[in-house]
Amino acid sequence: MKKRKPLKRPSYLARNALLIIGLLLVGAMSLAAVLAPWIAPYPPSELNVDALLQPPSAQHLMGTDALGRDVFTRVLYGGRVSLWVGFVAVGISSAIGLVLGLVSGYYGKVVDEIIMRGVDVMLCFPSFFLILAVIAFLEPSLMNIMVVIGLTSWMGVARLVRAETLTLRERDFVLAARSAGAGPVRVIFKHILPNALAPVLVSATLGVAGAILVESSLSFLGLGVQPPDASWGNMLTDGKEVLGVAWWLSVFPGLAILFTVLGYNLLGESLRDRLDPRLKQ
Amino acid sequence: MVEIIRRIAIKLLWVGAVFLGITVISFWVIHLAPGSPTDMVTTLNPNADTDARAKFEKLYGLDQPLHVQYGQWLGRLVKFDFGDSISGDRRPVWERIKERLPLTFGMNVASMVLTLLIAVPLGITAAWWRDGIFDKATTVIVFIGFAMPGFWLALLLMLWLGIEWPILPISGLTSLSYGSMTPWEKFIDLARHLALPIFIYTAGSWAGMSRFMRSSMLEVLRQDYIMTARAKGLSSRTVLFKHALRNALMPVITILGLSVPTLIGGSVIIESIFALPGLGQLFYGAVMARDYPLIMGSLVLGAVLTLAGNLLADLGYGMADPRIRMAGRDA
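Residue positions are counted from 1 within each chain, in the order its sequence is given. Both sets of labels track the order of writing: A upward for chains, 1 upward for ligands. It should be noted that, the model being predicted, local features are given only for residues of pLDDT at least 70 and side-chain atom pairs only at 80 or more, the latter also being counted only at that level, while totals for whole chains, interfaces and linings use all residues.

**Overview of the overall build of chain A**
So, step 1. Tallying secondary structure elements over chain A gives 13 helices and 0 strands in all.
So, step 2. Mapped from its N terminus to its C terminus, chain A presents α and β elements in the order α-α-α-α-α-α-α-α-α-α-α-α-α.
So, step 3. Taking the principal axes of the C-alpha coordinates as reference, chain A spans close to 75 × 75 × 30 Å.
So, step 4. Burial statistics for chain A: of 281 residues in total, 49% are counted as buried.
So, step 5. Restricting the contact set of chain A to residue pairs at least 6 apart, pairs at least 24 apart contribute 69%. Under the scheme used here, helices are H or I runs from DSSP no shorter than 4 residues and strands are E runs no shorter than 2 residues, and both carry numbers assigned from the N terminus. Counting other C-beta atoms within 10 Å of its own, a residue is labelled buried from 20 upward, exposed at 12 or fewer, and partly exposed in the gap between, with every C-beta atom placed from the backbone. Once C-beta atoms have been placed from the backbone, residue pairs whose C-beta atoms lie within 7 Å are recorded as contacts.

**Some details on the overall build of chain B**
So, step 1. When helices and strands are counted, chain B shows 14 helices and 0 strands.
So, step 2. Element order for chain B, N to C, with α for helix and β for strand: α-α-α-α-α-α-α-α-α-α-α-α-α-α.
So, step 3. Looking at chain B residue by residue over its 331 residues, the buried ones come to 34%.
So, step 4. Contacts in chain B between residues far apart in sequence, at least 24 positions, make up 71% of those at least 6 positions apart.

**With respect to the interface of chain B and chain A**
So, step 1. Across the contact, 40 residues belong to chain B and 35 residues belong to chain A.
So, step 2. Among the secondary structure elements, those contributing two or more residues to the side of chain B that touches chain A are helix H1 (2-32), helix H6 (133-147), helix H7 (150-164), helix H8 (183-221), helix H11 (260-273), helix H12 (279-288) and helix H13 (292-320) of chain B.
So, step 3. Looking at the side of chain B that touches chain A element by element, the count peaks at 8 residues for H13 of chain B.
So, step 4. Partitioning the side of chain B that touches chain A into residue classes produces 30 nonpolar, 10 polar and no charged. Any residue that is not Ala, Val, Leu, Ile, Met, Phe, Trp, Tyr, Cys, Pro, Asp, Glu, Lys or Arg is counted as polar, Gly included; the first ten are nonpolar and the last four charged.

**What to know about the confidence of the model for chain A**
So, step 1. A score between 0 and 100, pLDDT records how confident the predictor is in each residue. On average, residues of chain A score 86 in pLDDT, and 94% of them are at 70 or above.
So, step 2. Mean pLDDT in chain A bottoms out at helix H1 (residues 12-15) of chain A, which sits at 72, and peaks at helix H4 (residues 71-107) of chain A, which reaches 92.

**A short note on the nonpolar core**
So, step 1. Counting 151 residues, the largest nonpolar core has Leu132, Ala133, Ile135 and Ile149 of chain A as its most contacted members.
So, step 2. When sequence neighbours within four positions are dropped, the list of residues in contact with Ala133 of chain A reads Ile30, Val287 and Ile295 of chain B. Note on terminology: a nonpolar core is a set of buried residues of type Ala, Val, Leu, Ile, Met, Phe, Trp, Tyr or Cys, with members joined through C-beta atoms within 7 Å.

**Structural notes on the environment of Asp291 of chain B**
So, step 1. The residue Asp291 of chain B is located in the loop between H12 and H13 in this model.
So, step 2. Linking Asp291 of chain B and Ala191 of chain B, residues 100 residues apart in sequence, is a C-alpha distance of 32 Å.

**Examining unusual backbone geometry**
So, step 1. Looking along the chain, the bond that leaves Pro227 of chain A and enters Pro228 of chain A is cis, with omega of 10°.
So, step 2. Inspection of the secondary structure puts Pro228 of chain A in the loop between helix H11 (197-220) and helix H12 (232-241).
So, step 3. At Phe80 of chain B, a residue that is not glycine, the phi angle is positive and equals roughly 60°.
So, step 4. Residue Arg290 of chain B is not a glycine yet carries a positive backbone phi of 50°.
So, step 5. With respect to the secondary-structure elements, Arg290 of chain B resides in the loop between H12 and H13.

**Points about the confidence of the model for chain B**
So, step 1. Summarising the model, chain B shows a mean pLDDT of 82, and 89% of its residues fall at 70 or more.
So, step 2. Predicted confidence in chain B is weakest over helix H14 (residues 322-326) of chain B, with a mean pLDDT of 58, and strongest over helix H5 (residues 93-128) of chain B, with 89.

**Observations concerning H11 of chain B**
Residues and elements named next belong to chain B.
So, step 1. Helices are assigned an expected span. That span is 1.5 Å times one less than the residue count. Between the first and last C-alpha of H11 there are 20 Å, a value that for 14 residues agrees with the 20 Å anticipated at 1.5 Å per step.
So, step 2. Its axis deflected by about 30° at Ser267, H11 carries its strongest bend there.
So, step 3. With 12 of its 14 residues buried, H11 lies for the most part within the structure.
So, step 4. Among all positions of H11, only Val260, Pro261, Leu263, Ile264, Gly265, Gly266, Ser267, Val268, Ile269, Ile270, Glu271 and Ile273 are buried.
So, step 5. Two residues or fewer after H11 comes Ala275, characterised by a positive phi angle close to 50°. Bending is quantified residue by residue as the angle between axes fitted to the seven-residue window ending at that residue and the seven-residue window starting at it.

**A few points about the packing of helix H13 (residues 247-275) of chain A against H6 of chain B**
So, step 1. Where H13 of chain A meets H6 of chain B, the axes come as close as 8 Å, and the angle between the chain directions of the two elements is 120°. If you check the angle between H13 of chain A and H6 of chain B, you find them oblique. Here H13 of chain A and H6 of chain B pass one another in a crossing that is right-handed. Residues Leu258, Val261, Leu262, Asn265 and Leu266 of chain A of H13 of chain A form the contact with H6 of chain B, whose own contacting residues are Phe143, Ile144, Phe146 and Ala147 of chain B.
So, step 2. Grouping the constituent residues of the contact of H13 of chain A with H6 of chain B by class yields 8 nonpolar, 1 polar and no charged. Under this scheme, a helix contributes an axis fitted over its contacting stretch, all axes are lines through C-alpha atoms, and angles between N-to-C directions fall in the 0 to 180 degree range. Orientation labels follow simple angle bins: below 35 degrees gives roughly parallel, above 145 gives roughly antiparallel, 65 to 115 gives roughly perpendicular, and whatever is left gives oblique. Crossing handedness follows the turn of the near helix against the far one: under a right angle anticlockwise gives a left-handed crossing, and clockwise gives a right-handed one.

Quick look at the structure:
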């Protein structure tokens, strides 16, 4: 009799490869950013005229730039900027989106109509143009970038939360809370909000990746973090100036962006698969 | 028929309202931001006094209250007059935009076509052999494509194809000898200069689009009518191309229409990297010089293109889906 091979379930690692890679990338990049002052081999803005545009070596793992600054150190410090921008911008946009989505979905009718049409208008904005103009007018600074990115990226969250609220509103436990005399604020924040958080978590994770990309683009254009402070975007601007001479200046900061954004995207996608089976592709 | 006309009318009214909303917000944000265009002419110019500043403000109507300025601006816009730009050569805004439009528009259309040519077959193949080797491989590449910043890819390609192994020009629109070329040589020269920028545009959108095509296809393949088609013995090819593809393409049309704002935003960076005289570069310069009329003109153009994209997406959707074409259902 032919023996059938037992059907083997893929191992835990294989089934969760995306999640694990995402966690590792995000974890490593966050840790490096937080610990930058302790693990960086040099001060971030220390000039060294004896070591201009050195290729990667044992002393300078990722080489040095045109002012003799250590690229590895600056990549670590650039990570702090990205981490800040990602979290603060997403914090702002999630908060706005949550409140508007909850209000829109809970009250419905005219309120809903006004808020959702506002979302439509915001979605039609050539937002990068507007962000660019506002940042340039307000003086480029980390704070301005975080706020402006946050204020222009809440629409997706608002739509998700509204959709979730619409179904939650009709559920028995919400009706029970209302008939027990709970006011709208209590119902919205105590009963509906906790149940509408899952999609927000997913879109926040993906939003961090998006915010980091926008910040690096702005910094690359000279409208973001200003030198001598390091950000991955403005390091690439420096890299562009000496493209033919010092490839390392253009390669390493870009790799840092790539890995970080990849990490948050992988994490967000795997969270989505876990938290919301309906959205599973 | 009446129903269709009514729906189109509502749609157009709505588009008009959104357009007004965008101009109001843009106008206020831009004019309320600290600093003013007069800084360039007066504060930075030691020879100018406060008198000159006031004169300059009066000349461009900047001394009026904001809602009056907006009213005047809107009044001119109705007559398709964007005003004169107040930086650089001070020519009319529309004239300056018009000469930049073909380049940016052309690059975007070319990259859209390329994106579709890459993403649609990729998405279909990945969905048809779901979880196969090809699907897994493209998933990995798509994730990397998502995370790749366009300007970084541009730098790498410039390094590789422009410097290490110089086969493509990395900056500008034409070569120095462009004037003395035959038409054919001119075409080749342009194409060589635009190859990298168009590639970068495409690199920024194929990943999302192919992912979208894949999930849309998977969604369709789950439907009962696909099972019916297979059950009655139709070949895979017929099921795929006759029954599934048409329905799976619809969301893709929508996304294409909705991706216009992203493309417009991308033009600033790509044109700045490759030193191309397009709209993005014009806008960047206008922002730096605080040229209000030129900034407003560019934003209006961006909004019009975005709304047109949305409208086309809606129309395409309506034409592809008989349920929408027939009924008065408003999504």
